[in-house]
Amino acid sequence: MRNQTVLISGASIAGPALAYWLDRYGFRVTVVEQAPALRPGGQAVDFKGRTHRTVLDRMGIWEEVLQRQTGRNDTVCLDTAGRELAVIPGEFTGGDAEILRGDVAAILHERTAARCEYRFGDSITALAETAGGVRAEFEHAPAQTFDLVAGTDGIHSRVRRLAFGPERDYIRHLGYYYCVAGAPGRGEDSSRGERQTTLAWNAPGRMAARGGSKGSHLYLFAAPELDCARGDVAAQQRLIAENFANMGGEVPSMLAELGHLDDFYLDAIAQVQMKGRYTSGRVALVGDAGYANTLGGFGTGLAVVGAYVLAGELAVAGGDHTAAYPRYDEIMRRYAKIAGKSNVGRFLAPKTALGIRARNWFVGSRAFGLMTNYTDKAANNIDLADYPALAGARP
């Protein structure tokens, strides 16, 4: 094995998934995570189609994902008098299996913690490539040199910034912001994925939704890039209150509850645009760090498939990143295209009253079914190599 030690930044889903496969192929893995521990809960994520299931099956976790899945949520769009205008089916928003992000992370951590080193409460502050590897400096731990580094640290990836350049060079704002607040709901019997209902209200350029698996509150609104100080929850809550102040339905009562909810997260709806190049030197990006499209419905599947492909290509190449990384770039460039073709803000919160009426008609039409079939095909648009057989992986 040419390169044996790998540093992974991020312990949500892409990081532990990559750690699982790299450890299986004989690499020595260290995962560093800024949070003090695994983040529980979080909004729901989903898997769809045979490709996602194949990877989860090969990891031996598909059945556990099904056991922990949330109930599928139909989103019922209402007018201010409570009359039903449209129903967005849970099959569209929840895929074949929908599960809380924290539950996926816990499943993957359980299968890697004994063999991989996890360092919580720390983060990478500098990367410098040398002839023999990548020297990483940390916020707390002493500097250390690794053969390879993987950035699995989300849309605001620090590894991407350190290895590729400033965030502004790779992030495209899609004209909307979203906010999730409060713990997401589960079905009474989540192991059977019981159907639930999310109630939603629209005004031009805005949508507010109560209940469901993203969070007890979900808000989307159209806006140019804003100076939203990350971490300033009070200022962000005021921004939500200002943008949704004149909406009807249950939105006023939602806003009254907002300051009492435990979880609160606001960010732009945006795409990461790497132009098909997810590697630089000895550094690779996996998941949202390389191919995010906020709330686009493909991020988690792309993360687990990307982790499978990157680790598999490294194993087949005997650890030679100069051979494995171009293959990873080529495979994921094709597969990740779907992440660049949607803007959920335009669909959920059209900017005009006419656009809202057109969306409501569309979700009840035959064309909506055709679009759903297209997204299902896109989720399977990859020929997965049987890397364990090729690499002679450890069982």
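Residues numbered from 1 in each chain as written. Predicted model: local features only at pLDDT ≥ 70, side-chain atom pairs only at ≥ 80, totals over all residues. Heavy atoms only, no water.

## A closer look at the overall build of the chain
Threshold: Put simply, DSSP H or I for four residues or longer makes a helix, DSSP E for two residues or longer makes a strand, and each gets a number counted from the N terminus. When we talk radius of gyration, it's over C-alpha atoms, and the globule rule is simply 2.2 Å times the number of residues to the 0.38. Three labels apply to residues, based on accessible area from a 1.4 Å probe with only protein chains included: buried if under 20% of the type maximum, exposed if over 50%, partly exposed otherwise in between. Note on definitions: a residue-residue contact is assigned when non-hydrogen atoms from the two residues lie within 4.5 Å. Per-residue accessibility takes into account occlusion by the displayed protein chains alone, with areas from the Shrake-Rupley method and a 1.4 Å probe. Neither His nor the chain termini are counted; the positive set is Lys and Arg, and the negative set is Asp and Glu. In this description, the location of a charge corresponds to atom NZ of lysine, CZ of arginine, CG of aspartate or CD of glutamate.
Counting its secondary structure elements, the chain contains 15 helices and 18 strands. In terms of C-alpha radius of gyration, the chain reaches 21 Å, essentially the compact-globule figure of 21 Å for 395 residues. Expressed along its principal axes, the backbone C-alpha trace of the chain runs to roughly 65 × 40 × 35 Å. Here the chain holds 395 residues, and the buried ones make up 55% of them. For the chain, the share of sequence-separated contacts (at least 6 apart) that also reach a separation of at least 24 residues comes to 74%. Carbon and sulfur atoms make up 49% of the accessible area of the chain, which totals about 16800 Å². Within the chain, the 43 negative side-chain charges are centred at a point lying 6 Å from the centre of the 44 positive side-chain charges.

## Thoughts on helix H2 (residues 49-59)
Defined as follows: In this context, the arc is that of the directions from the helix axis out to the C-beta atoms.
All buried positions along H2 are accounted for by Thr51, His52, Val55, Leu56 and Met59. The arc that holds the buried residues of H2, viewed along the axis, is 125°, so those residues lie on one side. Once H2 ends, the next one or two residues include Gly60, with phi positive near 75°.

## Points about the nonpolar core
How we decide: Residues belong to one nonpolar core when they are buried, are Ala, Val, Leu, Ile, Met, Phe, Trp, Tyr or Cys, and are joined through side-chain atoms within 4.5 Å.
By size, the foremost hydrophobic cluster in this structure holds 80 residues, and its most contacted members are Ile8, Leu18, Leu22 and Val309. Broken down by element, the residue count for this core peaks at eleven residues, all from helix H10 (residues 299-316). In this structure, Ala181, Trp201, Phe221 and Met247 belong to the second largest nonpolar core, which totals 23 residues.

## Quick word on unusual backbone geometry
Of note in the backbone geometry, Lys275 takes a positive phi value of approximately 55° without being a glycine. Here Lys275 shows up in the loop between strand E16 (264-272) and strand E17 (279-280). Judged by its relative accessible area of 77%, Lys275 falls in the exposed class.

## Some details on the packing of helix H1 (residues 14-24) against H2
Applied cut-off: Every angle, taken between N-to-C directions, lies between 0 and 180 degrees, and every axis is a line fitted to C-alpha atoms, over only the stretch in contact when it is a helix. Note that the term roughly parallel is reserved for angles under 35 degrees, roughly antiparallel for angles over 145, roughly perpendicular for angles of 65 to 115, and oblique for everything else. Handedness of a crossing follows from how the near helix is turned relative to the far one, being left-handed for an anticlockwise turn of less than a right angle and right-handed for a clockwise one. Each residue gets one label: Ala, Val, Leu, Ile, Met, Phe, Trp, Tyr, Cys and Pro are nonpolar, Asp, Glu, Lys and Arg are charged, and the others, such as Gly, are polar.
It is the contact of H1 with H2, at a shortest axis distance of 11 Å, that shows an interaxial angle of 55°. One element, H1, and the other, H2, form an angle in the oblique class. Handedness of the crossing formed by H1 with H2: left-handed. Here Ala17, Tyr20, Trp21 and Arg24 of H1 come into contact with H2, specifically with Val55, Arg58 and Met59. Grouping the amino acids of the contact of H1 with H2 by side-chain chemistry returns five nonpolar, no polar and two charged.

## Topic: the sheet that holds strand E15 (residues 217-222)
Formally: Pairing between strands is defined by DSSP: at least two bridges between the two strands are required.
Strand order in this open sheet of seven strands is E5-E4-E13-E14-E15-E12-E16, and the pairing throughout is mixed. Whereas interior strands pair on both sides, the edge strands pair on one side only; in this sheet they are strand E5 (84-88) and E16. When the angles between neighbouring strand axes are averaged without regard to direction, this sheet yields 25°. Here five bridges tie strand E14 (residues 206-210) to E15, and the two strands are oriented antiparallel to one another.

## A closer look at the sheet that holds strand E7 (residues 117-120)
Read from one edge of the open sheet, six strands run E7-E2-E1-E11-E18-E17, paired in mixed fashion. Unpaired on one side and paired on the other, E7 and E17 mark the two borders of the sheet. Two strands pair when backbone bridges link them, and strand E11 (residues 148-151) and strand E18 (residues 283-285) are joined in this way by three bridges, in the parallel orientation. Considered in E18, the bridge of Val149 is made with Val283. Here H1 sits on the sheet and contacts strand E1 (5-9), strand E2 (28-33), E7 and E11; the angle it forms with E1, its principal contact strand, is near 165°.

## A closer look at the confidence of the model for the chain
Put simply, the rule is: What pLDDT conveys is the predictor's confidence in a given residue, as a value from 0 to 100.
Taken over all residues, the pLDDT of the chain has a mean of 90, while the share at 70 or more is 93%. The model gives residues 186-193 a pLDDT under 50, and that stretch makes 20 contacts with residues more than four places away or in other chains.

## Here we look at the pattern of salt bridges
Where we set the bar: Salt bridges are counted wherever a side-chain nitrogen of Lys or Arg sits within 4 Å of a carboxyl oxygen of Asp or Glu.
Under the criterion given, the structure shown has 17 salt bridges. We note a salt bridge from Arg115 to Asp23, for which the minimum N-O separation is 3.0 Å. Here Arg115 is found in the loop between helix H5 (101-110) and E7, whereas its partner Asp23 is found in helix H1, with 92 residues between them in sequence. Judged by relative accessible area, Arg115 falls into the exposed class, the value being 56%.

## Structural notes on the state of the cysteines
Threshold: When two cysteine sulfur atoms lie within 2.5 Å, the pair is treated as a disulfide.
Across all of its chains, the model carries zero disulfides by this definition. Lacking any disulfide linkage, Cys77 is separated from the closest cysteine sulfur, that of Cys179, by 18 Å.

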